[in-house]
Amino acid sequence: MNALNKKTIEDIEVAGKKVLVRCDFNVPLKDGEITNDKRIVAALPTIKYLAENGAKVILCSHLGRPKGEYKPEFSLAPVAKRLSEYLGKEVKLAEDPEVVGENAKAMAAALADGDVMLLENVRYRKEETKNEENFSKELASLAEIFVNDAFGTAHRAHCSTTGVAAYLPAVCGYLIQKEIQFMGGALEEPKRPLVAILGGAKVSDKIGVITNLLEKCDTLIIGGGMAYTFMKSLGYNIGTSLLEEEQVENAGQMMKDAEAKGVKFLIPVDNKLGKEYDENTEAMVVDSDNIPDGWMGLDIGPKTQALFTDAIKGAGTIIWNGPMGVSEWENFAAGTIAVANAVAESGAISIVGGGDSVAAVTKLGFSDKMSHISTGGGASLEFLEGKELPGIAALNDKD
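Since this is a predicted model, take the numbers as computed values, not measurements.

## Observations regarding a negative patch on the surface
A contiguous patch of negative charge, built from Glu276, Asp278, Glu279, Glu282, Glu328, Glu330 and Asp356, is present on the exposed surface. Counting through the fold element by element, Asp278 comes out in the loop between strand S12 (270-274) and strand S13 (283-287).

## Re the nonpolar core
Core analysis: the biggest nonpolar cluster contains 70 residues, and Leu119, Leu220, Ile222 and Phe230 have the highest contact counts within it. Among the elements that take part in this core, helix H6 (residues 174-188) stands out by supplying five residues, more than any other. Those residues within four positions of Phe230 in sequence are excluded, and the remaining contacts are Val203, Ile210, Ile222, Ala251, Met254, Met255, Phe265 and Ile267.

## A look at the sheet that holds strand S10 (residues 219-222)
Across the sheet, six strands lie side by side as S11-S10-S9-S15-S16-S17; this open sheet has parallel pairing. Looking at which strands have only one partner, the edges of the open sheet turn out to be strand S11 (264-266) and strand S17 (372-373). Here four bridges tie strand S9 (residues 194-198) to S10, and the two strands are oriented parallel to one another. By the bridge assignment for S10, Leu198 is matched with Ile222. Lying over the sheet, helix H7 (residues 207-214) contacts S9, S10, S11 and strand S15 (317-321), oriented at roughly 165° with respect to S9. Across the face of the sheet, helix H10 (residues 302-313) comes into contact with S9, S10, S11 and S15 while running at roughly 150° to S10.

## A few points about the state of the cysteines
Counted according to the given criterion, the structure contains zero disulfides. Not engaged in a disulfide, the cysteine Cys159 finds its nearest cysteine sulfur in Cys60; these two sulfurs lie 10 Å apart. With no disulfide partner, Cys172 has as its closest neighbouring cysteine sulfur the one in Cys23, 13 Å distant. For Cys172, a relative accessible area of 1% gives the class buried.

## Quick notes on the environment of Val171
On the secondary structure map, Val171 appears in strand S8 (residues 170-172). Take Val171: its relative accessible area is 1%, and that puts it in the buried class. Through-space distance from the C-alpha of Val171 to that of Asp37 is 25 Å; in sequence the pair is 134 residues apart.

Thresholds, definitions, all that
- Residues numbered from 1 in each chain as written.
- Predicted model: local features only at pLDDT ≥ 70, side-chain atom pairs only at ≥ 80, totals over all residues.
- Heavy atoms only, no water.
- Patch = residues over 30% accessible without salt bridge, like charges linked within 9 Å, V, L, I, M, F, W, Y side chains within 5 Å.
- Areas by Shrake-Rupley, 256 points an atom, 1.4 Å probe, with all protein chains shown as cover.
- Salt bridge = Lys/Arg side-chain N within 4 Å of Asp/Glu carboxyl O.
- Lys, Arg positive; Asp, Glu negative; His and termini not counted.
- Charge placed at Lys NZ, Arg CZ, Asp CG, Glu CD.
- Helix = DSSP H or I, 4+ residues; strand = E, 2+ residues; numbered from the N terminus.
- Core = buried A, V, L, I, M, F, W, Y, C linked by side-chain atoms within 4.5 Å.
- Buried < 20%, exposed > 50% of the residue type's maximum accessible area, 1.4 Å probe, protein only.
- Contact = heavy atoms within 4.5 Å.
- Pairing = 2+ DSSP bridges.
- Axes fitted to C-alpha atoms, helices over the stretch in contact; angles between N-to-C directions.
- Disulfide = S-S within 2.5 Å.

Printed below as a string of structure tokens:
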């Protein structure tokens, strides 16, 4: 799949056309109020472009997991309200429990050029997640063009992400275009050296990513809980640190593969240990080959921070997915902070993906220093694995 070759909203004529846009408005709600509207803000450039160019805009999204039935607490009403505030004009919500109902049809038919409306939560319909044809056809019947701008669900083949693309000309919006340009560019034609930093708890979650990146990167850095499985493969004692026993052999093989390919493979040389898994546990720093029984690694140590920082310094492109330790605990956040700092200072094209590393970078105030923060957790991982994302594959190629 050459994701870089997909048509965008700028490649088609939208004036006077009804355009169905799949957005990611899956925002956190508390007592019916939106607590973080980043995803709504991220969708605005696409919506504004379409409205300003005379399209009749019909937005759709999922929210939470209503599991195929109408539940008012998962209504997109708060999203319609917030969109109206940002756009400075009313965005009407078509309040149909069946999503494409009488309200939606009448509202879509009455749209003037530049108007914007919003359908109810597409997951009110059980067909949505099963990608059943009847619901895809109902959605498509409202519009003449389909725009996918929801990268966070691009790895799911649902009615509103891929199904509808079978019935309408399908292009991507600015958000997906940005993801494709940054992530696709970093994998296909990276500015070298390409340094990949992988953290998080489990090796098993990242096997596909490591295997794919070993073919493409110059340096691979491993931190977080998954590093201890690699240490174990070197015969080190890892105390009570996180271990995936069934991945030890795999981890050893990956290190051998890296060596054979001439990829620099870095794992922690020292660690900050805790007596138990607790924010305020007794802590100490020891070298990786010297972890005593009864202690667990909860962050990378100072020597490792220096080693990783040094490797990041000369990078042309950096892909970072996953924290270096239990970064939500102040006592064990130093490793993640050091890496975030090094990436921010590197001057490289930097791409941060995966919920935990994005949260860490945002919380620590580094987000504006990164070239690109991916909006999709699972989608960005699958993209890094080299998998075809159905929501992108379904879009039309440029001629």
